[in-house]
Amino acid sequence: MTHCSDSEERSDDDAEQPNKRQKKRSKERKHVSFPPDEQIVSGFAEHRDTDRKADSCLTLTEVTVAYQQSCSTHQVQPRAHILQQLQQGVCVGGNVESLDLKGERLDHRSCEALEVVLKSLHFDFINLQAAQLEENGASSLLDMILYYESTTHLDVSDNSSMGTSGWRALAHLIKQSVRLSRLDLCNVPLVDYPVQALAKALLTSRLAVLHLDNAQLSGVPLYTLVGALKTNRALRELHLTSNVLNSYQDALQLGELLRYNTTLQTLELSSNTLADAGFEELCDGLRRQTSGLRVLSLRNNSITVKGMGHLAKALPALKVLQVLDLSENLLGDDGMQVIREPLMLNCTVLQLGLSQTSITCEGAVALAEVLAESRHIQRLDLRRNEVKVGGLMALSLAMRINQSLVCLDLDHKPPQEQSSSKMCQILKKQL
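Keep in mind the model is a prediction, meaning the values are calculated, not measured.

1. A closer look at the overall build of the protein
1) Next: When its secondary structure is counted, the protein shows 17 helices and 12 strands.
2) Next: In the protein, which comprises 431 residues, the share counted as buried stands at 53%.
3) Next: A fraction of 85% describes how many contacts in the protein between residues 6 or more apart in sequence connect residues 24 or more apart.
4) Next: Carbon together with sulfur atoms contributes 48% to the accessible area of the protein, which is approximately 19,300 Å² in total.

2. Topic: the packing of aromatic side chains
1) Next: Scanning the entire structure with this criterion turns up one aromatic pair.
2) Next: Arranged with centres 4.7 Å apart and planes meeting at 80°, the rings of tyrosine 147 and tyrosine 148 form a pair that is edge-to-face. No difference in accessibility class separates tyrosine 147 from tyrosine 148, as the two residues are buried.

3. Things to note about the pattern of salt bridges
Think of it this way: side chains of opposite charge can pair up when their charged atoms draw near.
1) Next: Applying the stated rule across the entire model yields 15 salt bridges.
2) Next: Between aspartate 284 and arginine 287 there is a salt bridge; the shortest N-O distance is 3.1 Å. Remark: arginine 287 and aspartate 284 occur in helix α12 (residues 275–287); sequence separation between them is three residues, near one turn of the helix.
3) Next: Note that arginine 383 and aspartate 381 form a salt bridge whose closest N and O atoms lie 2.7 Å from each other.
4) Next: Through salt bridges with shared partners, a single network forms among Lys230, Glu256, Arg259, Glu281, Asp284, Arg287 and Arg288.

4. Describing the packing of helix α9 (residues 193–202) against helix α10 (residues 220–229)
1) Next: Look at α9 against α10: their axes get within 8 Å of each other, and the N-to-C directions meet at 10°. Classified by the interaxial angle, the pair formed by α9 and α10 is roughly parallel. When α9 is examined against α10, the residues Val195, Gln196, Leu198, Ala199 and Leu202 are found in contact with a partner set consisting of Pro221, Thr224, Leu225, Ala228 and Leu229.
2) Next: Along the lines of polarity and charge, the residues of the contact of α9 with α10 split into eight nonpolar, two polar and no charged.

5. Things to note about helix α11 (residues 249–260)
1) Next: With 12 residues, α11 ought to run about 16 Å at 1.5 Å a step, and its terminal C-alpha atoms sit 17 Å apart, in line with that.
2) Next: For α11, the complete set of buried residues consists of Asp250, Ala251, Gln253, Leu254, Gly255, Leu257, Leu258 and Arg259.
3) Next: Those residues of α11 hidden inside the fold are in contact with α10, β6 (237–239), β7 (266–268) and α12.

6. Overview of the environment of leucine 203
1) Next: Looking at where leucine 203 falls in the secondary structure, it is placed in the loop between α9 and β5 (209–211).
2) Next: If near-sequence neighbours (up to four positions away) are discounted, leucine 203 is found in contact with Ala228 and Thr231.

7. With respect to unusual backbone geometry
1) Next: Of note in this structure, arginine 105 is not a glycine but carries a positive phi near 55°.
2) Next: Overall, the relative accessible area of 57% leaves arginine 105 in the exposed class.

8. Here's the deal with the confidence of the model for the protein
1) Next: Looking at the protein, the pLDDT average stands at 87 and 82% of residues meet or exceed 70.
2) Next: Counting contacts from residues 1–31, a segment whose pLDDT is below 50, to residues more than four positions away or on other chains yields 52 contacts.
3) Next: Across residues 37–47, where pLDDT falls below 50, the model places 30 contacts with residues more than four positions away in sequence or in other chains.

9. Thoughts on the side chain of serine 404
1) Next: Position of serine 404 among the secondary structure elements: in the loop between α16 (389–401) and β12 (407–409).
2) Next: In this structure, serine 404 is in contact with Ser374, Arg375, His376, Ile377 and Gln378, ignoring residues within four places of it in sequence.

10. Quick look at the packing of helix α8 (residues 163–176) against α9
1) Next: Axis separation between α8 and α9 bottoms out at 8 Å; the angle between their running directions is 15°. Classified by the angle between their axes, α8 and α9 sit roughly parallel to one another. Judged by the sense of rotation from one axis to the other, the crossing of α8 with α9 is right-handed. Seen from α8, the contacting residues are Thr164, Trp167, Arg168, Ala171, Ile174 and Lys175; seen from α9, they are Tyr193, Pro194, Ala197, Leu198, Ala201 and Leu202.

Conventions used here
- Residues numbered from 1 in each chain as written.
- Predicted model: local features only at pLDDT ≥ 70, side-chain atom pairs only at ≥ 80, totals over all residues.
- Heavy atoms only, no water.
- Helix = DSSP H or I, 4+ residues; strand = E, 2+ residues; numbered from the N terminus.
- Buried < 20%, exposed > 50% of the residue type's maximum accessible area, 1.4 Å probe, protein only.
- Contact = heavy atoms within 4.5 Å.
- Areas by Shrake-Rupley, 256 points an atom, 1.4 Å probe, with all protein chains shown as cover.
- Phe/Tyr/Trp six-rings, centres within 6.5 Å; stacked < 30°, edge-to-face > 60°.
- Salt bridge = Lys/Arg side-chain N within 4 Å of Asp/Glu carboxyl O.
- Axes fitted to C-alpha atoms, helices over the stretch in contact; angles between N-to-C directions.
- Parallel < 35°, antiparallel > 145°, perpendicular 65-115°, else oblique.
- Nonpolar A, V, L, I, M, F, W, Y, C, P; charged D, E, K, R; others polar.
- Expected span 1.5 Å × (residues − 1).
- pLDDT = per-residue confidence, 0-100.
- Left-handed = near helix turned anticlockwise from the far one by under 90°.

In structure tokens:
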């Protein structure tokens, strides 16, 4: 059963509405229109599944011909890029790898013409990035994607003109789809109605991966989003790169998310401005995670040695975090000294990203001491740092003792530092 409402008692009239709607659609060629949630019944889903089975026997050649006929009916030119994908695609049991409509500029009639494609095929990925979707076209296309359960991964990034109806259709898709597992919604301002519609849909959605990069989520929008995600038990990955998240109100909300949500496994926060104060809030939330977050990326977040003091307090108590990326922050050698002993006590972190963090030989020596004691760290990234012969020698000696490290990322040194280059080669051979 695909679409089930929350109400347990439904009238006979409610059950008849979807079939009437389907007959009307076939006669008038209108885009799919859904009843309120409480009126969606299992018979509707079963009817849709029957249609799917009837059309899944079509070959890609037959789908291509049907698409051309549909374009003629809707008085639009068939898109050459779409025809090329259908002609070169590989169809297995009605499944196709992707439908790439990036930058195609899909107006309402072009969207309607695509129905026969969405009806006949399942796609692993539908790319609508920068398709210039306007309100009617977006509403129609997203309704169809839901009705036919056309994809598991949908990208609607760079579409900022979908209007209220388009956002309502997207929210309904997020809430109702049983097949959609990943949504990319980047470079679109998530303010006012869009973020409210998204948050409400996330309360009951089955999405596992959500990309919201560069979506202007700082402030009230983030508060609205986190309010829904505190109780969400489906989402596994949340990507919030480049949202200008700050060290006060935004970090406070993210810390609250980590305190209440125990199913989120990846949190991507790169290229924001959480700084040391914001990192303190995150560390406090991490300490309370008994299950859940395994990957935390904080690249380029203005974190300094002071922030390492907060991390030092959290590291020994962490129970689940496995990957921590602190690259492109001004941590320095002093920061490595601050977390040296806590890292030795930590039993969960397997991968540590310290690329471009102003580490020199002194910091490398501190990390070498960690490696000599650690039985857990499997990967250490030290690229784009000023680690020269002294630090490399310390790392080399540590690796003779360490039994867990399988990857040490280092730069290829320029020719004038031949001794460092030779040492890098020696370290790689040790691994």
